[in-house]
Amino acid sequence: MSAFIDTQSQAQAAGDDIWSAEYWTKKGNTKLNLWRKRVGAPTPSEKRPIVFLVHGSSNSTRTSYDLHVPGKGEYSFMNVLAREGFDVWTMDHDGYGYSESSGNNSDIASGVEDLRAAMPVVLKETGLDKMHFYGTSSGAIRAGAFGQEHPERVDRMVLSAFTYKGTGSPEIARRAARADELRANLRRKRDAAMIRSIFTRDGHAWSTDPAVPEAIVAGEMKFGDIIPTGTYLDMAVNLPKVDPKRLLCPVLMLRGEHDGNSTNEDLIDFFTQLPNPDRQFAILPHTAHSPGYSKNRHLMWYAVLNFFKAPVAYDS
């Protein structure tokens with residue numbers, strides 16, 4: 001059973017008066033790290049809409065959503081959302097970043113449990129029990145799987161760089177070829193070369209500034225070069241993990257034009273089955289698998305902010 005085990009243990013001011021705080025929760029006996037940013041410290045009477053960001057397979061959450069790339073402009077999606085009035089939360093999943101490892105392979109089901117363990121902390125600190133979610137790559141699968149299990153916690157959801165069945169995807173085919181290796185090992189090598197390969201494997205390395213993978217390497221190598229295999233294995237042999245018919249919230253699906261983790265046909269198949277008519281599908285031009293790291297990341301910000309700030313539709 002998860003439990004809130006610590007109040008904010010760190011708070012600091014950054015540019016734009018962005019306030020940040022670190023929190024901890026437990027999944028069983030495993031401590032999981034949460035990270036929060038907003039403009040100005042919270043007060044008991046003020047409530048802001050929450051966005052919860054869910055990271056993918058190969059990087060922990062702060063290099064995914066709070067990355068600093070010296071001399072290259074803004075890369076922190078947390079900062080962008082905070083400046084737009086959101087209370088922004090994220091977490092390191094089991095075996096990633098600052099979180100402890102339970103010893104499992106941190107598959108999609110484990111990620112759902114991680115998010116479930118985070119919810120009491122967010123609810124206690126904000127007083128709100130419903131929030132927007134944004135997930136990228138396997139983080140989108142984690143977020144979608146959580147949303148189908150806990151619709152009461154989800155307001156609006158963005159699935160970015162998502163994979164449904166993986167049909168026709170060259171990257172999913174590469175992972176499927178490694179299925180026996182991934183089954184046999186709870187951990188895989190994720191060194192600097194592997195991080196750099198994320199931005200070249202789709203054949204459009206020009207879409208990302210070369211300083212970006214170097215900033216990620218600098219942030220990740222302090223945690224070592226071994227990470228869990230679970231999401232890779234799930235994406236290799238266990239898709240689909242999200243049933244579109246069970247995802248009841250409004251959904252925005254984002255795909256880079258050159259994303260090798262999916263095809264338009266795969267994602268449109270998912271999109272057409274979503275039950276909520278409040279849904280959007282966007283293709284980001286000149287973008288590969290990781291929109292948040294792209295030279296065109298501002299297009300992702302624009303699409304997400306407009307979706308999260310959409311006015312309520314009249315239904316009668």
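Structure's up top.
What you are looking at is a predicted structure, and each value in this text was computed from that prediction instead of being measured.

### Quick word on the overall build of the protein
Next up, step 1: Counting secondary structure elements, the protein contains 11 helices and 13 strands.
Next up, step 2: Against the 2.2 N^0.38 benchmark of 20 Å for 316 residues, the protein shows a C-alpha radius of gyration of 18 Å, consistent with a compact globule.
Next up, step 3: The principal-axis extents of the C-alpha atoms in the protein amount to approximately 55 × 50 × 45 Å.
Next up, step 4: With 316 residues in all, the protein has 56% of them scored as buried.
Next up, step 5: If you take every contact in the protein between residues at least 6 apart in sequence, the share linking residues at least 24 apart comes to 74%.
Next up, step 6: Total accessible area on the protein stands at roughly 12600 Å², and carbon and sulfur atoms take up 53% of it.
Next up, step 7: Each charge sign in the protein was given a centre, from 37 positive and 38 negative side chains, and these centres are 1 Å apart.

### Let's talk about the packing of helix H3 (residues 108–126) against helix H4 (residues 138–149)
Next up, step 1: Orientation of H3 relative to H4, taken along the N-to-C sense of each, is 65°, at an axis distance of 9 Å. In this structure, H3 crosses over H4, and the sense of that crossing is right-handed. Between H3, through Ile108, Gly111, Val112, Leu115, Arg116 and Met119, and H4, the contact on the second element is made entirely by Ser138, Ile141, Arg142, Ala143, Ala145, Phe146 and Glu149.
Next up, step 2: The class makeup of the residues in the contact of H3 with H4 is eight nonpolar, two polar and three charged.

### So, the nonpolar core
Next up, step 1: Core analysis: the largest hydrophobic core is formed by 42 residues, its most contacted members being Phe52, Phe133, Phe162 and Phe270.
Next up, step 2: With eight residues, the top contributor of residues to this core is H3.
Next up, step 3: Those residues in contact with Phe270 that sit more than four places away from it in its chain are Leu159, Phe162, Tyr164, Val242, Pro244, Leu247 and Met253.
Next up, step 4: Leu53, Leu81, Phe86 and Trp301 belong to the second-largest nonpolar core, a separate cluster that totals 23 residues.

### Quick notes on the pattern of salt bridges
Next up, step 1: A full pass over the atoms with the stated rule returns 24 salt bridges.
Next up, step 2: Note that Arg62 is salt-bridged to Glu22, the shortest N-O span being 2.9 Å. Taken together, the positions of Arg62 in helix H1 (residues 61–65) and Glu22 in strand E2 (residues 18–27) put the pair 40 residues apart, joining distant regions of the chain. Side by side, Arg62 and Glu22 carry an identical accessibility label, which is buried.
Next up, step 3: Asp87 is paired through a salt bridge with Arg38; the nearest N and O atoms lie 3.7 Å apart. You can see Asp87 sitting in strand E7 (residues 87–91) and its partner Arg38 sitting in strand E3 (residues 30–39), a full 49 residues away along the chain.
Next up, step 4: Beyond isolated ion pairs, a larger network of salt bridges with shared partners links Arg36, Arg38, Glu46, Arg48 and Asp87.

### A word on helix H8 (residues 211–220)
Next up, step 1: Within H8, seven of the 10 residues are buried, leaving the element largely enclosed by the surrounding structure.
Next up, step 2: All buried positions along H8 are accounted for by Val212, Pro213, Ala215, Ile216, Val217, Gly219 and Glu220.
Next up, step 3: If you follow the buried residues of H8, they end up packed against H1, strand E5 (67–68), strand E6 (74–75) and helix H7 (192–197).

### Examining the pairing of E7
Regular strands place side chains that alternate from one sheet face to the opposite one.
Next up, step 1: Of all five residues making up E7, five are buried, and the element is well covered by its neighbours.
Next up, step 2: Burial along E7 is two-sided: Asp87, Trp89 and Met91 facing one way and Val88 and Thr90 facing the other are all buried.
Next up, step 3: Across four bridges, E3 lies against E7 in antiparallel orientation. Residue pairing across strands places Leu34 opposite Met91, the latter belonging to E7.
Next up, step 4: Bridge count for strand E4 (residues 50–54) against E7 is four bridges, and the pairing is parallel.

### Digging into H3
Next up, step 1: When the terminal C-alpha atoms of H3 are compared, their 26 Å separation across 19 residues agrees well with the 27 Å that a helix rising 1.5 Å per residue should span.
Next up, step 2: Of all the bends found along H3, the most pronounced is centred on Ala118 and spans about 25°, while Pro120, a proline, follows it within four residues.
Next up, step 3: Inspection of H3 places Ile108, Ser110, Gly111, Val112, Asp114, Leu115, Ala117, Ala118, Met119, Val121, Val122 and Thr126 among the buried residues, and these make up the whole buried set.
Next up, step 4: Positive phi appears at Gly127, one or two residues downstream of H3, with a value of about 75°.

Rules behind the numbers
Residues numbered from 1 in each chain as written. Predicted model: local features only at pLDDT ≥ 70, side-chain atom pairs only at ≥ 80, totals over all residues. Heavy atoms only, no water. Helix = DSSP H or I, 4+ residues; strand = E, 2+ residues; numbered from the N terminus. Rg over C-alpha atoms; globule rule 2.2 N^0.38 Å. Buried < 20%, exposed > 50% of the residue type's maximum accessible area, 1.4 Å probe, protein only. Contact = heavy atoms within 4.5 Å. Areas by Shrake-Rupley, 256 points an atom, 1.4 Å probe, with all protein chains shown as cover. Lys, Arg positive; Asp, Glu negative; His and termini not counted. Charge placed at Lys NZ, Arg CZ, Asp CG, Glu CD. Axes fitted to C-alpha atoms, helices over the stretch in contact; angles between N-to-C directions. Left-handed = near helix turned anticlockwise from the far one by under 90°. Nonpolar A, V, L, I, M, F, W, Y, C, P; charged D, E, K, R; others polar. Core = buried A, V, L, I, M, F, W, Y, C linked by side-chain atoms within 4.5 Å. Salt bridge = Lys/Arg side-chain N within 4 Å of Asp/Glu carboxyl O. Pairing = 2+ DSSP bridges. Expected span 1.5 Å × (residues − 1). Bend = angle between axes of the 7 residues up to and from the residue.

Functional significance is not addressed by these values, which are geometric in nature.
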